[in-house]
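# Coordinate analysis (summary)
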Amino acid sequence: MPASDLSSQGPSTQPSSCWECGLQCGSILSVANGRVTDIKPNPKHPGSKGAFCVKGIRAVHEWTYQADRLRTPLRRVGSRGSGNFQPISWDDALDEIADRLAVIRERTGPRSIVGAVSGIHYSRGVFMAQLMRAIGSPNWMINQDLCGGSRATSARMTGLNIAMAEDIDHTRCILIVGYNPSIADPIAWMAIKRAKKTGAKLIVIDPFQTAAAELADLWLRPRPGTDSAIALAMIKVLIDEKLYDPAFVAKWCFGFDALAQRVSGWTADVAAETSGVPADDIVKAARMYSDGPSVFACGHGIDAASNAVQMVRSYHSLVAISGNVDRIGGNRRAKRPKGFRTYSDILFDRRFRLPPDVEAERIGFKEFPLWSGPLGFQMACHNPSVLRAMREGDPYPVRALFASGVNIALTYPDTATTIDSLKSLDLFVAAAHTMTPTAVWADYVLPKTTTLEEEDVALVQQGPCVSYTAAAAERDGDVRNDLEIARGLVDRLARKGAADPNMLPWRTQREFNAYLLAETDIDFAKLQQDGFATFPFELGNFEKEPFATPSGKVELYSQNMASVGHDPLPDYVAPSYLTEKAAINDTYPLILQTGMREKSYHHSRFREQPWARKVSPDPFVHVSPATAAKYQIADGSWVTVKTPHASGQCRLKAKVTDQTLDGVLVTGVGWWRPEQPAPHFGARDININSAMSYTQRWDKASGSADTRYVACQIVHVSSPEPKVPTLAANPG
Ligand SMILES: Nc1nc2c(c(=O)[nH]1)N[C@H]1C(S)=C(S)[C@@H](COP(=O)(O)OP(=O)(O)OC[C@H]3O[C@@H](n4cnc5c(=O)[nH]c(N)nc54)[C@H](O)[C@@H]3O)O[C@H]1N2
Ligand SMILES: Nc1nc2c(c(=O)[nH]1)N[C@H]1C(S)=C(S)[C@@H](COP(=O)(O)OP(=O)(O)OC[C@H]3O[C@@H](n4cnc5c(=O)[nH]c(N)nc54)[C@H](O)[C@@H]3O)O[C@H]1N2
Ligand code: SF4
Ligand SMILES: [Mo]
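Residues numbered from 1 in each chain as written. Chains lettered and ligands numbered in written order. Predicted model: local features only at pLDDT ≥ 70, side-chain atom pairs only at ≥ 80, totals over all residues. Heavy atoms only, no water.

Right, let's get into the overall build of the chain. When its secondary structure is counted, the chain shows 26 helices and 25 strands. Relative to the globule expectation of 27 Å for 732 residues, the C-alpha radius of gyration of the chain, 25 Å, shows essentially globular dimensions. Seen along its three principal axes, the alpha-carbon backbone of the chain occupies a region of about 70 × 65 × 55 Å. Averaging the locations of the 80 positively and 78 negatively charged side chains of the chain gives two centres separated by 1 Å. (Helix = DSSP H or I, 4+ residues; strand = E, 2+ residues; numbered from the N terminus. Rg over C-alpha atoms; globule rule 2.2 N^0.38 Å. Lys, Arg positive; Asp, Glu negative; His and termini not counted. Charge placed at Lys NZ, Arg CZ, Asp CG, Glu CD.)

Here the focus is the site of ligand 1. Around ligand 1 sit 31 residues, and of these N180, D206, G225, D227 and Y601 come closest. Note that a nitrogen atom of ligand 1 is positioned 2.5 Å from one of the side-chain N or O atoms of D227. Between ligand 1 and G595 there is a distance of 3.2 Å, counted from an oxygen atom to a backbone nitrogen or oxygen. Starting from 910 Å² of accessible surface for ligand 1 in isolation, the protein chains cover 93%. (Near = heavy atom within 4 Å. Polar contact = N/O pair within 3.5 Å; in protein donor to acceptor, adjacent residues only side chain to side chain. Areas by Shrake-Rupley, 256 points an atom, 1.4 Å probe, with all protein chains shown as cover.)

On the surface, I328, F537 and L539 cluster together into a nonpolar patch covering about 260 Å² of accessible area. Within the secondary structure, F537 sits in the loop between strand 18 (532–534) and strand 19 (554–555). Judged by relative accessible area, which is 35%, F537 ranks as partly exposed. (Patch = residues over 30% accessible without salt bridge, like charges linked within 9 Å, V, L, I, M, F, W, Y side chains within 5 Å. Salt bridge = Lys/Arg side-chain N within 4 Å of Asp/Glu carboxyl O. Buried < 20%, exposed > 50% of the residue type's maximum accessible area, 1.4 Å probe, protein only.)

Here helix 4 (residues 149–158) lies mainly inside the structure; eight of its ten residues are buried. G149, S150, A152, T153, S154, A155, M157 and T158 are the residues of helix 4 that are buried. Where helix 4 is buried, its residues contact helix 13 (308–322), helix 16 (369–372), strand 19 and helix 23 (559–563). Directly after helix 4, the chain includes G159, whose backbone phi takes a positive value near 90 degrees. (Contact = heavy atoms within 4.5 Å.)

Cis geometry marks the peptide bond from G292 to P293; its omega dihedral reads 5 degrees. Geometrically, the link from D394 to P395 is a cis peptide bond, its omega value of 5 degrees lying close to zero. Of note, P395 is situated in the loop between helix 17 (383–392) and strand 13 (400–404). Even without glycine at this site, Q632 takes up a positive phi of about 55 degrees. When you line up the elements, Q632 lands in the loop between helix 26 (625–630) and strand 22 (638–642). Residue Q632 is classed as exposed on the basis of its relative accessible area of 70%.

Neighbouring ligand 2 are 26 residues, the closest being R124, S404, T411, S604 and N689. Take N407: an N or O atom from its main chain is 2.7 Å from an oxygen atom of ligand 2. Taking 910 Å² as the accessible area of ligand 2 by itself, protein coverage stands at 96%. When its residues are assigned to classes, the shell around ligand 2 shows six nonpolar, 14 polar and six charged. (Nonpolar A, V, L, I, M, F, W, Y, C, P; charged D, E, K, R; others polar.)

In this fold, H61 is placed in helix 1 (residues 54–65). Measuring from C-alpha to C-alpha, the distance between H61 and R111 comes to 38 Å, with 50 residues separating the pair along the chain. Discounting residues that sit within four places of it in the chain, H61 has contacts with V36, T37, I39 and L452. Of note is the side chain of H61, whose polar atom sits 2.7 Å from the backbone oxygen of V36.

Throughout the structure, instances matching the rule amount to 44 salt bridges. Close ionic contact of R492 with D91 constitutes a salt bridge, the shortest N to O distance being 2.9 Å. With R492 in helix 20 (residues 482–495) and D91 in helix 2 (residues 90–108), the pair connects residues that are 401 residues apart, well separated along the chain. Looking at R492, the relative accessible area reads 14%, which means it is buried. Since its relative accessible area comes to 46%, D91 is described here as partly exposed. Residue K496 pairs with D99 through a salt bridge whose shortest N-O separation is 2.5 Å. Here the residue K496 occupies a position in the loop between helix 20 and helix 21 (509–517), and D99 occupies one in helix 2, the gap between them amounting to 397 residues.

Quick look at the state of the cysteines now. A covalent bond bridging the sulfur atoms of two cysteines is what the word disulfide describes. Summed over all chains, the structure comprises zero disulfides. C465 carries a free sulfur, and the closest cysteine sulfur to it, the one in C25, is 11 Å from it. (Disulfide = S-S within 2.5 Å.)

Domain assignment breaks the chain into domain 1 (3–65), domain 2 (74–147 + 340–522), domain 3 (162–333) and domain 4 (576–718). Tallying the contact residues gives nine residues for domain 1 and eight residues for domain 3. The junction of domain 1 with domain 3 conceals about 630 Å² of combined surface from both sides, 76% of it contributed by carbon and sulfur atoms. In this assembly, domain 1 and domain 3 are joined by one salt bridge. Here K49 ties to D169 by a salt bridge, and the two come within 3.8 Å at their closest N and O atoms. Where domain 1 touches domain 3, the interface holds zero residue pairs in polar contact (both at pLDDT 80 or more). Grouping the constituent residues of the side of domain 1 that touches domain 3 by class yields five nonpolar, three polar and one charged. (Domains from an automatic or database assignment. Buried area = accessible area lost by both parts, 1.4 Å probe.)

Picture the strands of a sheet paired through backbone hydrogen bonds; they go either parallel or antiparallel. Taken in spatial order, the six strands close into a barrel running 20-24-21-23-22-25, and their pairing is mixed. Here the average twist between neighbouring strands, direction ignored, is 45 degrees. Judged from the three bridges that link them, strand 20 (residues 590–593) and strand 24 (residues 664–667) form a sheet pairing that is parallel. Bridge pairing in strand 24 places I591 opposite V664. (Pairing = 2+ DSSP bridges. Axes fitted to C-alpha atoms, helices over the stretch in contact; angles between N-to-C directions.)

Here it is as structure tokens:
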């Protein structure tokens, strides 16, 4: 139903799914006079089964209706970053942006225009990729090198496409690694608690004492970044004690003997020395996990680091040899209804791709073929190299950026350099909901619809099911969705001969959603009515659907990795805080772990909402009592931290707790204060990425930099915090 029809409707309820994070929890929206008045979990939704979070209930609603929302396009009138903008019409904004893009395209080529988004978890990612391809540019930046990129790279190399498809409800043992579901994933957290009640065992591998660690039967507490050692030793236990699945290994694993050879030196004692986890616990964990069916669930804790692909691959190999693949109580492979087109299908569809010689120009293609090349997870650029191209013109100039759905000044490491890169552009356009530390540098800021105003259809592996998100709310402002923005630009550019409209054939979200479902049996009206559609699926259908690797098996020995000269087998790669130790001369004696999630925020989102700030008023850093004593840090004092290769530093408020290991400081991500002055809104002060680097060691396969754990020093400790303007003082 078009949004304009909604205001005439009386009160009603609409099943939907929350799209504020990738989980898509089923929701029931109450709607009156075109406004969503209430958001509740939908217990019937097969993916979330009633799970939901406070962001989905409160933050999403406020995001749509708050005074601070951007409601009209803006054109910059002052100098870059001055925060001075003037409202303009959509036609003027899109005309001017298209004119300027056409000039840049003519002058420095299509490849000098780049799009930035979070990835194709969201439909906006597809529209951004296709907008760039329409212009003829192979360059799009996703933020997955900072998120799930190493897990996805390992999944592609091994063929284990098991993400988000854990059958926790039917398992006997849950192995959780680097994953904090009590905050980050209410669906998994509810399922884990259910499974525990019915007798499943829980093993948690995490340096931090999370709620899951407290619930665990066995908690292994490694030094950050040393997980490969544990996984390789667990593999060795399974092999030595014949606890692996010989039938699955014989039929569906490639390279078992080579793997056995590789782990032969990884005794539990060696792993204990490397990781700090007692050898007995490693053996116990291996035996417990092998008493299946067992399910493996990993998170960001073993991703987004320069040794992450090898870490994830070590665990993926453990899962494979245990045989817990695509069986009840194990890790399902991704399912879909017959004929369903995923976002990924579109991205890899030859019809929607640029010629190979143009794709080969993608920044990162040569250095990171398993990330930016055709074998890559989403064939995206290597971000730090793009930022360098903006500043230095190397390997070629990048002159324009369109960023939508990302707040890169806060969420990319090294804030100062990111901002310098943005400042060096000829054209920067940002699409956002509120004025952010990224959008403030833009020449044009385009106001976005929120997820209550957008219609989406997507697969949810937790069900599995197809989930429907309703455009239930009338648009609150002169706002547009990402497809409308991309279309507006493609149409204008096509008229100048500067874009190929066939790359973006959909005119509306409804048309796009119908395209995804076109070859399925799913009835759209019923999907709308129920909010989801289940579909039949098979388990263990390996003959019919072999693993997507050269051998058609799970590749413990990856032929694709071998083909580009990478280590084809999993191994232990020491984290850079250890390998760098000598070089940095012990000036950085501590370890900084970043990214701990907070219940009321989604990364940088919702800092303008008073209720969320009340729940979590300050950027925290967890410090162990011994470390606090050593550095004279009192609970509640402010600690300034710095890492070896960063251009800036960051202030954080100390929480002294033995939840963290001695010498390991644990903080979050995404902090700013919208009420503070433009352009930084605190982003150069309390945002951890101002104290991080994006250019040190990169994972050879995923290109990820070290953002999970890095060496760090404490520069300063003070108490109390210097006075800053309060949220109530926020002028708008
Ligand atoms: N409320 C809320 N929920 C969110 C988000 C949010 O911002 N707010 N963000 C969403 C997004 S995009 C993501 S990617 C997910 C992330 O959520 P998760 O995947 O759960 O990741 P994190 O919470 O970053 O970290 C998980 C755990 O990894 C541990 N860890 C750190 N280093 C290591 C290590 O070397 N080894 C091991 N074994 N563990 C380690 C940490 O101590 C932490 O407990 O959350 C999603 N959910
Ligand atoms: N140091 C460090 N850095 C990290 C992390 C870490 O743990 N440590 N975590 C990383 C991870 S896992 C992730 S996923 C990234 C997150 O990085 P980002 O995706 O940049 O994080 P968000 O704060 O969610 O920013 C989303 C922005 O997009 C806009 N937005 C939200 N929804 C929509 C929409 O529907 N359409 C459009 N067009 N815009 C929208 C909002 O206005 C918001 O400003 O950060 C990464 N950065
Ligand atoms: S976890 Fe929260 S934000 Fe994410 S989809 Fe579910 S309700 Fe929405
Ligand atoms: Mo993420």
